[in-house]
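# Working through the structure, step by step
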Amino acid sequence: MANIRCPHCGSPARAYANRWECGYCGDFGVLSTRQAAPEPTQTQNVTLTLKFVSKLDFEETWNDMKNVISQYAEDLLPQLGNVLVYEISHALATPGHTTDNEKFHALDRFLQGHDDLRNGPNIRDIIHASKQGTELCVAQGKLTEDACGGFWQQLIRKLPAGDYPEDIEDLLHGLGAFYQYFVSDDWNAESLIRFRELRDAFEYHWYHHQYFSPDLGAAIARLQRDDTGCIDDDCRDILVSAYPDHFRDYTLEDMQDFQWNYLLEDLAADDPALAKNMWETILVAAGPDFTKNPAVEEYLMDNSPFAEDD
């Protein structure tokens, strides 16, 4: 048995028949064989050439991607095909991309076999764009820190506020797998590299939305039912919603370290009128008679920038 290692994670892989499989990460592929020309004698030598062939299950990967979107925004499913086409055309616009006709035939069969993909760009459009070095469906599918396509903007708006939605990473893994399959015929962990690029960009835009376009109604509702579980974030969100111009130049790093009570303390010395307006905005959001909410009342009074004046 040949000693081989998984090209994905580097762990020892098992070889059997004409296939290999990694017991650590689950990656697998096929081994190609080449038979040498017969010797003049009756003895024949067989040369085994190890060649890792990266395989992508189009159907399984596509279904996994759709399942993620169905959890949050089923109405975005028709646009998911354009995001996929963007990712493939992005790979094919990269120098050194695959020229394997078998992969293109498989893609053509896949696109033609799904109603939700058949009406978008077809294989001829994709190959033509590849020859031109251009990308398709950029307006919807592109995702970098500098660009957030329409699909991604809508998805982020539909995601619930709160903790980062880690299952979105299944969608990003799927896109990374399609990218890797078409960007090269070599397995050099391109799928993981691309996944990390997409994840970093998605996190950037998700956090930007959380900080600068918060769910004001949810923040107010928590204060008015005496819920202090997210009160620091709620007070921050109330101020960001009421005074967007003040926060216009804040970066994500600024918002990650932001403490609303420290802001009001600083403003009370530099711009007392603005500080008082912001403080009253929080009190109004807490309700006309928030003193009936003892936990919220205690927290706000303990953090009042004007405590000495009261």
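Residues numbered from 1 in each chain as written. Predicted model: local features only at pLDDT ≥ 70, side-chain atom pairs only at ≥ 80, totals over all residues. Heavy atoms only, no water.

## Section: the overall build of the chain
Just so we agree on the cut-off: Runs of E in the DSSP output that reach at least two residues are strands. Runs of H or I that reach at least four are helices, and both are numbered from the N terminus. Only protein chains enter the accessibility calculation, which uses a 1.4 Å probe; a residue is then buried when its area is under 20% of its type maximum, exposed when over 50%, and partly exposed in between. Throughout, a contact is declared for two residues whenever any of their heavy atoms are within 4.5 Å. Computed by Shrake-Rupley with a 1.4 Å probe, the accessible areas treat only the displayed protein chains as cover when residues are assessed.
Assigned secondary structure in the chain consists of 15 helices and 6 strands. Every one of the 310 residues in the chain was classed for burial, and the buried ones make up 41%. In the chain, the proportion of contacts linking residues at least 24 apart, taken out of those at least 6 apart, comes to 58%. Looking at the chain as shown, the accessible area adds up to about 17,000 Å², and 46% of this sits on carbon and sulfur atoms.

## Digging into the environment of Asp-163
The residue Asp-163 is located in the loop between α7 (150-158) and α8 (168-183) in this model. Separated by 47 residues in the primary sequence, Asp-163 and Gln-210 have C-alpha atoms spaced 9.9 Å apart.

## A closer look at helix α11 (residues 231-242)
The cut-off we apply is this: Working rule for helices: expected span equals 1.5 Å times residues minus one.
Relative to the 16 Å expected for 12 residues at 1.5 Å per residue, α11 spans 16 Å between its end C-alpha atoms, a close match to the ideal helical length. Of all the positions in α11, only Ile-231, Asp-234, Cys-235, Arg-236, Asp-237, Ile-238, Leu-239 and Val-240 are classed as buried.

## With respect to the packing of helix α14 (residues 272-286) against helix α15 (residues 294-302)
Our working definition: Each axis is a line fitted through C-alpha atoms, taken for helices only over the stretch in contact, and angles between the N-to-C directions span 0 to 180 degrees. Small angles under 35 degrees read as roughly parallel and large ones over 145 as roughly antiparallel, with 65 to 115 read as roughly perpendicular and the rest as oblique. Classification convention: Asp, Glu, Lys, Arg as charged; Ala, Val, Leu, Ile, Met, Phe, Trp, Tyr, Cys, Pro as nonpolar; all other residues, Gly among them, as polar.
One can describe the packing of α14 onto α15 by two numbers: an axis separation of 12 Å at closest approach and a directional angle of 175°. Considering the angle they form, α14 stands roughly antiparallel to α15. Judged by residue contacts, Trp-279, Ile-282, Leu-283 and Ala-286 of α14 engage Val-296, Leu-300 and Met-301 from α15. Broken down by class, the residue content of the contact of α14 with α15 amounts to 7 nonpolar, no polar and no charged.

## Concerning the side chain of Thr-98
Heads up, the rule is: In the analysis that follows, any N or O atom pair within 3.5 Å is treated as a polar contact, provided that within protein one partner can donate a hydrogen and the other can accept it, and provided that, for residues neighboring in sequence, both atoms belong to side chains.
Inspection of the secondary structure puts Thr-98 in the loop between α2 (77-92) and α3 (101-112). Only 2.6 Å separates the side chain of Thr-98 from the side chain of Asp-185, close enough to count as a polar contact. Beyond its immediate chain neighbours, meaning those up to four positions away, Thr-98 contacts Leu-92, Lys-103, Phe-104, Tyr-181, Phe-182, Val-183, Ser-184 and Asp-185.

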